[in-house]
Amino acid sequence: MSNQAQAEKISNGQGFIAALDQSGGSTPKALGLYGVQADAYNTDEEMFDLIHGMRSRIAQAPAFTGDKVVGAILFEMTMDREIDGTPTPTYMWEKRGVVPFLKVDKGLADEENGCQVMKPMPELDALCERAVAKGVFGTKMRSVISAANEAGIKAVVAQQFEVGKQIIGHGLMPIIEPEITISIADKSEAEDILLAELTAELDALPEDKQVMLKLTLPNKANQYKTLVDHPRVMKVVALSGGYTREEANAKLAENTGMIASFSRALTEGLSAQQSDDEFAATIADSIEGIYQASIAG
């Protein structure tokens, strides 16, 4: 795979990034929304087989191509599996024109100062080496901010950039994701603190290094426009964070230069019980709506 071609696709391609990286903790809910209840599987292995089936069905849908979906974030187990007899990252890029990313975090530590940093990742170097060997372009890792607490947000951002530099060392593009919980009363204040902390870390990055940012859709339109324009940022993508697809698309369209990286909002309306034609039509509508919102700014 050509790193340069993938970088060009993410930097300049029209479209959005699909988040297909539900972990062990979020998979049962994702399957439930897809119409597969807990009594349909008995083991984790069976559960992951079912979610891989859903992801494969999405990736093979006629509308899921690089024309409107520029990238896809994969779960580690998805990276290690195949779609239609082809390793998933290779299938994504060579068959669909979609740049593959990998979720690398191992979940969240306990809350401190209203925020949750990531759990330690002692296997990160080995995982990055495997990702590079499989043709993955970049990574994604998530922290959570649940209060406008300066110390907590500072800790989240500092850890994200520390690990991000480790990932850059492997030739991968890190997506830094400090998610702000959409239901908190002081969300706007948290967004202001986050903007300041991200800007400080970006300003300190060497001139030849870049990261991507994945941020909760802000209360104020173009809250993060200076980050979109920052020379150390390849792309700013938005997470749906619990908003419906309609709400998320409307908010995204107000933010110039931000594109979507939706998970639940992307799969909204899909069902295991749908015929292939029904499934293809539903995902096509979803992709079109998210694509239009992503290019609206």
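Please refer to the structure placed before this passage.
Structural notes, computed from the coordinates. This is a predicted model, so every value here is computed, not measured.

**What about the overall build of the protein chain?**
Working step 1: Looking only at helices and strands, the protein chain features twelve helices and eleven strands.
Working step 2: Here the protein chain has a C-alpha radius of gyration of 18 Å; the compact-globule value for 297 residues is 19 Å, and the two agree.
Working step 3: Per-residue burial for the protein chain yields a buried fraction of 53% across its 297 residues.
Working step 4: Contacts spanning at least 24 positions in sequence make up 73% of the contacts within the protein chain whose residues lie at least 6 apart.
Working step 5: The protein chain carries 27 positive and 43 negative side-chain charges, and their two centres are separated by 3 Å.

**Examining the pattern of salt bridges**
Working step 1: Throughout the structure, instances matching the rule amount to 16 salt bridges.
Working step 2: The salt bridge involving D80 is made with K134; its shortest N-O contact spans 3.6 Å. Of this pair, D80 sits in the loop between α4 (76–79) and β3 (82–83) while K134 sits in the loop between α6 (124–133) and β7 (138–145); the two residues are 54 residues apart in sequence, bridging distant segments of the chain.
Working step 3: Look at the salt bridges and you will find they share partners, linking E76, D80, K106, R130 and K134 into a network.

**Thoughts on the pairing of strand β10 (residues 233–239)**
Working step 1: Judged by how many residues are buried, β10 sits mostly within the fold: seven of seven residues are covered.
Working step 2: As paired elements, strand β9 (residues 211–216) and β10 share six bridges and run parallel to each other. Looking across to β10, one finds that K214 is bridged to V237.
Working step 3: In this structure, β10 lies alongside strand β11 (residues 259–260), joined through two bridges in parallel fashion. Of the residues in β11, the one forming a bridge with A238 is A260.
Working step 4: At this point the chain moves from β10, through helix α10 (residues 245–253), to the parallel β11, and the crossover so formed is right-handed.

**Focus on the packing of aromatic side chains**
Working step 1: Applying the stated rule across the entire model yields three aromatic pairs.
Working step 2: A centroid spacing of 6.5 Å and a plane angle of 80° characterise the contact between Y34 and F279, whose relative ring orientation is edge-to-face. Residue Y34 is located in the loop between α2 (27–33) and α3 (44–59), and its partner F279 is located in helix α12 (residues 276–296); the two are separated by 245 residues in the primary sequence. Judged on exposure class, the residue Y34 and its partner F279 are both buried.
Working step 3: Centroid distance F48 to F75: 5.7 Å. Interplanar angle 25°. Geometry classified as stacked. With F48 in helix α3 and F75 in the loop between β2 (69–74) and α4, this residue pair connects regions lying 27 residues apart in the sequence.
Working step 4: Residue classification places F75 among the buried residues on the basis of a relative accessible area of 14%.
Working step 5: Sitting above the plane of the Y291 ring, K68 keeps its charged end 5.3 Å from the centroid.

**Details of the layout of surface pockets**
Working step 1: Considering only enclosed or pocket space, the largest pocket measures out at about 820 Å³ in volume.
Working step 2: If you trace the largest pocket, you find 31 residues lining it, with Q22, S26, R142, E179 and S263 closest to the centre.
Working step 3: For the lining of the largest pocket, the elements supplying multiple residues, two or more each, are α2, β7, β8 (173–180) and α11 (264–267).
Working step 4: Of the residues forming the lining of the largest pocket, the biggest block, three residues, is contributed by α2.
Working step 5: Residues belonging to the lining of the largest pocket are distributed by class as follows: seven nonpolar, twelve polar and twelve charged.

**Focus on the environment of Q273**
Working step 1: Along the chain, Q273 falls in the loop between α11 and α12.
Working step 2: Considered as a pair, Q273 and E123 are 150 residues apart in the sequence and their alpha carbons are 38 Å apart.
Working step 3: In contact with Q273, not counting residues within four places along its chain, are Y34 and G35.
Working step 4: In terms of polar contacts, Q273 uses its side chain to reach the backbone carbonyl oxygen of G35, at 3.2 Å.

**What to know about helix α5 (residues 88–96)**
Working step 1: Those residues of α5 not exposed but buried are T88, P89, Y91, M92, W93 and R96.
Working step 2: At the C-terminal side of α5, G97 shows a positive phi close to 70°.

**Overview of the side chain of S286**
Working step 1: Looking at where S286 falls in the secondary structure, it is placed in helix α12.
Working step 2: Here the side chain of S286 touches L266 through a polar contact of 2.8 Å, landing on its backbone oxygen.
Working step 3: Once residues within four sequence positions are removed from consideration, S286 is found in contact with R245, A265 and L266.

**Looking at the nonpolar core**
Across soluble globular proteins, you tend to see nonpolar side chains buried next to one another.
Working step 1: Within the largest apolar cluster, 79 residues are counted, with the highest numbers of intra-cluster contacts made by F64 and L213.
Working step 2: In terms of residues, this core owes the most to one element, helix α7 (residues 150–168), which gives seven residues.
Working step 3: If sequence neighbours within four positions are ignored, L213 has contacts with I175, I176, L198, L202, L227, V233, K235, V236 and V237.
Working step 4: In this structure, A19, M173, V237 and I259 belong to the second largest nonpolar core, which totals 16 residues.

Conventions and cut-offs
- Residues numbered from 1 in each chain as written.
- Predicted model: local features only at pLDDT ≥ 70, side-chain atom pairs only at ≥ 80, totals over all residues.
- Heavy atoms only, no water.
- Helix = DSSP H or I, 4+ residues; strand = E, 2+ residues; numbered from the N terminus.
- Rg over C-alpha atoms; globule rule 2.2 N^0.38 Å.
- Buried < 20%, exposed > 50% of the residue type's maximum accessible area, 1.4 Å probe, protein only.
- Contact = heavy atoms within 4.5 Å.
- Lys, Arg positive; Asp, Glu negative; His and termini not counted.
- Charge placed at Lys NZ, Arg CZ, Asp CG, Glu CD.
- Salt bridge = Lys/Arg side-chain N within 4 Å of Asp/Glu carboxyl O.
- Pairing = 2+ DSSP bridges.
- Right-handed = clockwise from strand over helix to strand, strands pointing away.
- Phe/Tyr/Trp six-rings, centres within 6.5 Å; stacked < 30°, edge-to-face > 60°.
- Lys NZ or Arg CZ within 6 Å of the ring centre and 35° of its normal.
- 1 Å grid on protein atoms, 1.4 Å probe; cavity = no way out; pocket = protein on both sides within 12 Å on 5 of 7 lines; lining within 4 Å.
- Points joined across faces, edges and corners; volume = space filled by probe spheres on them.
- Nonpolar A, V, L, I, M, F, W, Y, C, P; charged D, E, K, R; others polar.
- Polar contact = N/O pair within 3.5 Å; in protein donor to acceptor, adjacent residues only side chain to side chain.
- Core = buried A, V, L, I, M, F, W, Y, C linked by side-chain atoms within 4.5 Å.

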